[in-house]
Amino acid sequence: MTIDLRSDTVTRPTPAMRAAMARAELGDDGYREDPSVRALEEEMADLFGHEAALFVPSGHMANLVAVAAQTHPGDGLLLDEMSHIFRSERGWPERITRLRLHTEAPAESVTVACVEQTQGNQGGRVLPPDALDRHRGPTVRVHCDGARVWNAAAATGIGLAEYGARVDTLAACFSKGLGAPVGSAVVGSRETIARARDWRHLLGGRMRQAGVLAAAAHHGLREHRARLVDDHANAALLAAALQPWLEVPVETNIVFLRTPGSAPAVEERCREQGVLVRAFGADQIRIVTHLDVGTAQVTQAADVLAQVLSSTGEHSRTDSSSST
Ligand SMILES: *Cc1c(COP(=O)(O)O)cnc(C)c1O
């Protein structure tokens, strides 16, 4: 059977999650009459110590509506060049919200500074709480892209409310570590969330009987948060087995490897042996542990990767010596 370690988004709802979806009380969330959506939003606001929350179809939309709710066209947005918003969200800050991007220190025009927790493109690294509000000030708000904030909390034992207290808005994802099929939420003040709700509508993200999805998210929130430490232990196991190729220390559920030869070739050879991983650029491989892979499968994947990587090393050494 294939062992899919490409992303923590590949999980499928468990039978218990499907049962929770089937049981969900539903209404039209366009009229804010879906009790399951409302319950999820209330719980999210409570968990992070904010006034309100908004359920949205994706992490991408969560970031967009949170930032849009706190800016005007022409404002500056501070972003890390390695961040998901900067690299993987199709340029909405410039194309949709018409913000000016800053990637260094906050310029005068910056009204929102974005931080990411955990840092996906930097090996799932966890930021300490005081790094979240480093740029926060009288005229600068902070938005946290907390798609994997659950992993940060599980790894450090720091409470979600402590992360929440450092920021003006936070987006958290239900379809990664928590194993839900769809959805993210934004938390913030009542006023900001009302604006974010308007933006969600503007973008076509208003949903109707979304309680089936909210129930899955709510189930993940209750049942799958505590087990994230298992994903971290599995990532640590991979890191230990693949030490010679490890690119950055592993803190949560993401492992980055540096390949001696071509990363796409490593990806392909692993695939032939039933292990799916992702090439990042020419010489990096990303592996992500999640709910649908257990320790036995992770151990098996580590064996395949070690074997592929050691022989790739030999090939590339032979290649370079024969080409000179
Ligand atoms: C996955 C991810 C997103 C986007 O989530 P989608 O639900 O795929 O749109 C945003 N930020 C980070 C850090 C992510 O890992």
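Rules behind the numbers
- Residues numbered from 1 in each chain as written.
- Predicted model: local features only at pLDDT ≥ 70, side-chain atom pairs only at ≥ 80, totals over all residues.
- Heavy atoms only, no water.
- Helix = DSSP H or I, 4+ residues; strand = E, 2+ residues; numbered from the N terminus.
- Rg over C-alpha atoms; globule rule 2.2 N^0.38 Å.
- Buried < 20%, exposed > 50% of the residue type's maximum accessible area, 1.4 Å probe, protein only.
- UniProt positions renumbered as here; feature names shortened; annotations may be inferred.
- Pairing = 2+ DSSP bridges.
- Axes fitted to C-alpha atoms, helices over the stretch in contact; angles between N-to-C directions.
- Domains from an automatic or database assignment.
- Contact = heavy atoms within 4.5 Å.
- Buried area = accessible area lost by both parts, 1.4 Å probe.
- Salt bridge = Lys/Arg side-chain N within 4 Å of Asp/Glu carboxyl O.
- Polar contact = N/O pair within 3.5 Å; in protein donor to acceptor, adjacent residues only side chain to side chain.
- Nonpolar A, V, L, I, M, F, W, Y, C, P; charged D, E, K, R; others polar.
- Near = heavy atom within 4 Å.
- Areas by Shrake-Rupley, 256 points an atom, 1.4 Å probe, with all protein chains shown as cover.

Peer 1: I'm lost on the overall build of the protein chain in this one. Help?
Peer 2: Looking only at helices and strands, one finds 13 helices and 12 strands in the protein chain. A compact globule built from 324 residues should have a C-alpha radius of gyration of about 20 Å, and the protein chain, at 21 Å, falls within 12% of that. In terms of overall dimensions, the protein chain has a C-alpha envelope of 65 × 50 × 35 Å along the principal axes. Evaluated residue by residue, the protein chain yields a buried proportion of 52% over its 324 residues.

Peer 1: Looking at this model, I keep getting lost on the UniProt feature "domain: Aromatic amino acid beta-eliminating lyase/threonine aldolase" (unreviewed entry) in the protein chain. Mind explaining?
Peer 2: Those residues carrying the UniProt feature "domain: Aromatic amino acid beta-eliminating lyase/threonine aldolase" (unreviewed entry) are residues 4-102 and 108-256 in this numbering. Secondary structure content for residues 108-256 is 39% helix and 17% strand, while the C-alpha to C-alpha distance between its ends is 36 Å.

Peer 1: Explanation requested: the sheet that holds strand 12 (residues 284-288) in the structure shown.
Peer 2: In a beta sheet, neighbouring strands pair by backbone hydrogen bonds and run either parallel or antiparallel. Taken in spatial order, the three strands of this open sheet run 9-12-11, and their pairing is antiparallel. Since the sheet does not close on itself, it has two edges, and those belong to strand 9 (254-258) and strand 11 (278-280), each with one partner. Looking at each pair of strands side by side, their axes are set apart by 30 degrees on average, direction ignored. Here three bridges tie strand 11 to strand 12, and the two strands are oriented antiparallel to one another. Within the sheet, the bridge partner assigned to Ala279 lies in strand 12 and is Ile285.

Peer 1: For this particular structure, what's the right way to read the domain arrangement of the protein chain?
Peer 2: By domain assignment, the protein chain separates into domain 1 (15-222) and domain 2 (227-322). Distance between the C-alpha centres of domain 1 and domain 2: 30 Å. Taken residue by residue, the interface counts 16 residues in domain 1 and 13 residues in domain 2. When residues of domain 1 are sorted by the area they lose upon contact with domain 2, Gly123, Arg148 and Asn151 head the list and together hold 37% of the total. Taken together, the connections running from domain 1 to domain 2 amount to zero salt bridges. In this structure, the connection of domain 1 to domain 2 is made through three residue pairs in polar contact (both at pLDDT 80 or more). Residue classes in the side of domain 1 that touches domain 2 are distributed as five nonpolar, nine polar and two charged.

Peer 1: How should the pattern of salt bridges be read in this particular structure?
Peer 2: Proximity of charged atoms lets side chains of opposite charge pair with each other. As enumerated under the stated definition, the model contains 11 salt bridges in all. With a closest N to O distance of 2.8 Å, Arg148 and Asp8 form a salt bridge. Residue Arg148 is found in the loop between strand 6 (141-146) and helix 7 (149-156), and its partner Asp8 is found in the loop between strand 1 (3-4) and helix 1 (15-23); the two are separated by 140 residues along the sequence. Take Asp8: its relative accessible area is 0%, and that puts it in the buried class. Here Arg200 ties to Asp29 by a salt bridge, and the two come within 3.6 Å at their closest N and O atoms. Highlighted residues: Arg200 in helix 9 (residues 190-202) and Asp29 in the loop between helix 1 and helix 2 (35-48), separated in sequence by 171 residues. For the residue pair Arg200 and Asp29, the accessibility class agrees, reading buried in each case. Within the structure, one salt-bridge network assembled from shared partners comprises Glu247, Arg258 and Asp283.

Peer 1: Looking at this structure, I do not really get the site of the ligand. What am I missing?
Peer 2: Around the ligand, the neighbouring residues are Ser58, Gly59, His60, Asn63, His84, Glu89, Glu116, Asp145, Ala147, Arg148 and Lys176. Between an oxygen atom of the ligand and a main-chain N or O atom of His60, the distance comes to 2.9 Å. Contact with the protein chains hides 84% of the accessible area of the ligand, taken as 380 Å² for the molecule alone. In terms of residue count, the dominant contributor to the shell around the ligand is helix 3 (residues 59-68) (three residues). Among the residues forming the shell around the ligand, the class breakdown is one nonpolar, five polar and five charged.

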